[in-house]
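Structural description and commentary
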Amino acid sequence: MSNPVGGWVGLRHRMGVVCGALLLFAWWFTLWRDAFPPLGPRLELEVTFPRGVAGQSEPLITTGTRGNADWLAVRYLDEHTAVLFYDVWGMGGPASEPFPLHPGVPRPLTIEMPTLAHIAAFRSHELRPLRVTVAGTTLLDAPVYFHLRAPADFFFGTNPLGGTLVQERFSGKLATTDGRELRGNLTCFFTPFARLHWLAGDHPWSLIAAFVFSAIAGWLVSVVIPPLRRVIARFRANKWAAPFPPRPSGPPHRWFLATLAASLLLYAAVLTGGTFRLVTPDAFGEQYDLQARSLLQGRLDLPEAARTAESFIFQGRTYIYFGPTPALLRLPFALLDLGFGRLTRCFFVIYFAGCLSAAYLILIHTTRLARGPQAWPSAGATVLFVASAGLGSTMLFLASRAYAYHEAIACGAVFALWSGYATLRWLAQPEGRWWWVALAGGVLAVNARPPAGLFALGLLGWAAIAVALRPAKSRALWRPAAIALLAALGFLSFNAVSYLKFRSFDGAPLRYHVQYDAARLAVIDGRNFHLGNFRHDFDAYTWRPDFTFRPVFPYFYLQRYGQPYYPSARIDLAEPTLALPYAMPALCLFAFGGSALAFARWREARRPLAVLSAGTAPMALALFTAVAISHRYTGDFCPPLVLAGAFGLCALDLLPPIPRRMAWIAVIGLGVVGVLATLAITLHYQGELVWGVPEEIKSRYQMLRHAFDSALGFSQP
């Protein structure tokens, strides 16, 4: 006779082993991807040049990442003659004298260049030697600049990083001295045994930690399975939709107002570089004022004098690709000729206050869904949630620079949040008219920032479908169907505006952009989205740890380092991006962990959470397939994270007392970490990286750096 208890115990152990093995594999895969030894000071190869095509340049060696790349390449002068040249992205480099190609003849090639080694750091304007010899003749010998290079950022005979000077492939042949052809990344150069030997010698503690933590994780899984089994059984029996414990509380308005005031004070300090001058001109901050003046004249184009490096030229007229919503908000000031080009910072403060106010109302709504129509969130929940939605999110990062790019995202976020709040209200009371507010907010959002509007209007459309599918004896399907149709038409309003500008439904037809020539368009096939970008963008937004710590204020830095190679990606702009779990840890924990708990134990939350997931998917897909990626674009994820996070925060009260206290300690700690991390990358971006910041603000940043480093005893570099 079988023993069910013994069988269950065996299943526990097997599940623990499987989960531990999967974690070990994932950890090993992460280590293995960058397990490439440095190449040494000199690389001995064989090169076979093809017949040259005059004017064409082909890569021999490519290192670094897009925007931070170095090339050793050959440029053909004719069929039998070429020059070697070294190019540093954004700086250029030396070129050799012409030399004969001898097409089809293998010849020795010796390379000494800075990035043969792994480059994790260097001094400003540091030079290192470059020396290239072909068949005993030295063609290049000069000190050169270079970029950072992670172990995996090295490519033979290919150029996956773009740029305008070098083609994608070398049409000749590179090989080792023993005849192995080299093409692609370093996997073609190092054998698996050589990589493993280097990994074991250079990172032994990482391997030991992988085994130890995988074993611990497997053991924890075997311990957790019995209570998890009971949870699943109760969920199937629908017995785990637990009531919320009683918690009397009054309205926490004073706590919200105090948090709002403190957040606005810090936001204004960052936005103005500590000067608190809100009414002042900003570089590239007058675009929406110019658009507002054109709208008053019945035009969508701008005066020719307003042409910038971001302009679109169509049929001889100058346009901006930004949506018209921020310009519409400026119409009263344009009509009265007040504050032209000087109100951008004021609008930023209004957007930020609007986002925090919407977050507070969303928290109130979810609390009342859980506890009844007269309930209020606690003071602690209010402070934590509002601060995380503002200071602990990308909304604060947008204050690093008050110009059109950041304003579009901030404006789209505030209207998407208010639209999302209205959609949740209408989903809870379908007989009401909140859908009007949701539709208006979505249309304004999509014409400020298309991803934000796609989320807001997608959320409204899926809410209409959920209302149509709700169980009822009699329901009028025409009303939710009409609302879903209006949501779709609302999104198409963005394409309609684009058609009025460019006679194209493409919101940003790059062929009309002044910076895009044929070569740059060819890299992305002239399109803004590619499915091949999914893995590259998904990794950057969701998990890739593109950050580092340095003993220099602000100590936490956003830095692209160790980026893997994505052969299918077609990326035009790849700026360093801090993934969501590191940029907004508290919001992410609320939105993912807390929402999962809410879905399991809070029956009334399941439908709005399902609608939120469906509404977020199209926006996320658009961002995950875009040809451009930047940290500011993580601001598009703020509205769905705030809406889902409110449910997750409320669901913490469904935990037993001890786990609930532990969860609160964790989220408070993550909230503080999120604020500090966002503040650090914001100050550094404003003080050293972004263009157009007044020298006064940069000087204040250096003074702040000196004060902190001196107080903590860190030496200045």
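Data block above holds the structure.
Residues numbered from 1 in each chain as written. Predicted model: local features only at pLDDT ≥ 70, side-chain atom pairs only at ≥ 80, totals over all residues. Heavy atoms only, no water.

1. Considering the overall build of the chain
Secondary structure assignment for the chain yields 22 helices and 18 strands. For the C-alpha atoms alone, the extent of the chain along its principal axes is close to 85 × 85 × 60 Å. Here the chain, with 717 residues, has 52% of them falling under the buried criterion. Entry remark: accessible area of the chain is about 32000 Å², with carbon and sulfur atoms responsible for 66%. Positive and negative side-chain charges of the chain, numbering 62 and 41 respectively, have mean locations separated by a distance of 16 Å. (Helix = DSSP H or I, 4+ residues; strand = E, 2+ residues; numbered from the N terminus. Buried < 20%, exposed > 50% of the residue type's maximum accessible area, 1.4 Å probe, protein only. Areas by Shrake-Rupley, 256 points an atom, 1.4 Å probe, with all protein chains shown as cover. Lys, Arg positive; Asp, Glu negative; His and termini not counted. Charge placed at Lys NZ, Arg CZ, Asp CG, Glu CD.)

2. As for the pattern of salt bridges
Scanning all chains against the criterion turns up 21 salt bridges. Of the charged contacts in the structure, one is a salt bridge between R180 and D178, with a shortest N-O distance of 4.0 Å. On the accessibility criterion, R180 (35% relative accessible area) is partly exposed. Owing to a relative accessible area of 58%, D178 belongs among the exposed residues under this scheme. Residues R183 and E181 are paired through a salt bridge, measuring 3.8 Å at the closest nitrogen-oxygen approach. One continuous salt-bridge network, built from bridges that share partners, spans R42, E44 and E112. (Salt bridge = Lys/Arg side-chain N within 4 Å of Asp/Glu carboxyl O.)

3. As for unusual backbone geometry
Backbone torsion omega between F553 and P554 reads 10°, so that peptide bond is classified as cis. Turning to its location among the elements, P554 is positioned in the loop between strand 15 (547–549) and strand 16 (556–558). The phi dihedral of H102 is positive, around 50°, even though this residue is not glycine. Residues other than glycine seldom take positive phi values, yet Q315 does so here, at roughly 50°.

4. Concerning the pairing of strand 3 (residues 68–76)
Summarising burial for strand 3: seven of the nine residues are buried, a large majority. Alignment of strand 2 (residues 57–65) against strand 3, held across eight bridges, turns out to be antiparallel. Bridged to T63 within strand 3 is D70. Where strand 2 folds back on strand 3, the antiparallel hairpin that results is connected by two residues, among which G67 adopts a positive phi of roughly 90°. Here seven bridges tie strand 3 to strand 4 (residues 81–88), and the two strands are oriented antiparallel to one another. (Pairing = 2+ DSSP bridges.)

5. Brief notes about the sheet that holds strand 1 (residues 43–48)
Within the open sheet, the six strands sit side by side as 8-7-6-1-10-11. Their pairing is antiparallel. Whereas interior strands pair on both sides, the edge strands pair on one side only; in this sheet they are strand 8 (137–144) and strand 11 (181–182).

6. Things to note about helix 19 (residues 606–624)
The terminal C-alpha atoms of helix 19 lie 26 Å apart, and with 19 residues this matches the ideal 27 Å at 1.5 Å per residue to within 8%. Of all the bends in helix 19, the greatest, near 30°, is centred on A617, and the proline P618 appears no more than four residues after it. Of the positions making up helix 19, those classed as buried are R606, P608, L609, V611, L612, G615, T616, M619, A620, A622, L623 and F624. (Expected span 1.5 Å × (residues − 1). Bend = angle between axes of the 7 residues up to and from the residue.)

From the geometry alone we can't say anything about function, so treat these as descriptive.
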